[in-house]
Amino acid sequence: MIGALQSSIVKERNARLTWEQKLRKDTANVLNNLRQNLKEQFTQYVSVYEENHKKTDTSIKQLYKSISLIEKSVDATKHGLEHILQAEIKAVVSTQSTGPKQNTF
């Protein structure tokens, strides 16, 4: 009877140890899979972030170029308007000092 009881205890203990080993192995596999998935997701996230960062940098550079072109256009327009205004002033001053010019045909 004691031999049967001891045999039963040994079988129970071996079954528990086998179950614990399987549980450890399964847990290790799950953790490794999670680790690998997280690594892949992080790598993908970094890749997308870097690509978006490059696009943003390019967009900002293009924006600065556009602003520069607009500033040059505004300066050119201002310069042209100043010349037109000075020509008009000269014409008015010339007309006032000599009187209206008459066409001679």
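Refer to the preceding data block for the structure.
Model, not experiment: these values are computed from the prediction.

A.B. asks: Run through the environment of N32, naming residues and quoting values.
C.D. replies: Take N32: it is sitting in helix α1 (residues 2-98). Sequence separation of N32 and Q96 is 64 residues, and the distance between their C-alpha atoms is 94 Å. A polar contact is formed between the side chain of N32 and the side chain of R35, at a distance of 2.8 Å.

A.B. asks: Lay out a nonpolar patch on the surface in plain terms, naming residues and giving numbers.
C.D. replies: On the surface, a nonpolar cluster with roughly 400 Å² of combined accessible area is contributed by I60, L63, Y64 and I67. Along the chain, the position of L63 falls in helix α1.

A.B. asks: Lay out the pattern of salt bridges in plain terms, naming residues and giving numbers.
C.D. replies: For the coordinates displayed, the defined rule picks out two salt bridges. Notably, a salt bridge pairs E20 with R16, separated by 3.3 Å at the nearest N-O pair. Here the residue E20 and the residue R16 both occupy positions in helix α1, the gap between them amounting to four residues, near one helical turn.

About the criteria used
Residues numbered from 1 in each chain as written. Predicted model: local features only at pLDDT ≥ 70, side-chain atom pairs only at ≥ 80, totals over all residues. Heavy atoms only, no water. Helix = DSSP H or I, 4+ residues; strand = E, 2+ residues; numbered from the N terminus. Polar contact = N/O pair within 3.5 Å; in protein donor to acceptor, adjacent residues only side chain to side chain. Patch = residues over 30% accessible without salt bridge, like charges linked within 9 Å, V, L, I, M, F, W, Y side chains within 5 Å. Areas by Shrake-Rupley, 256 points an atom, 1.4 Å probe, with all protein chains shown as cover. Salt bridge = Lys/Arg side-chain N within 4 Å of Asp/Glu carboxyl O.

Read these as spatial facts, not as claims about activity.
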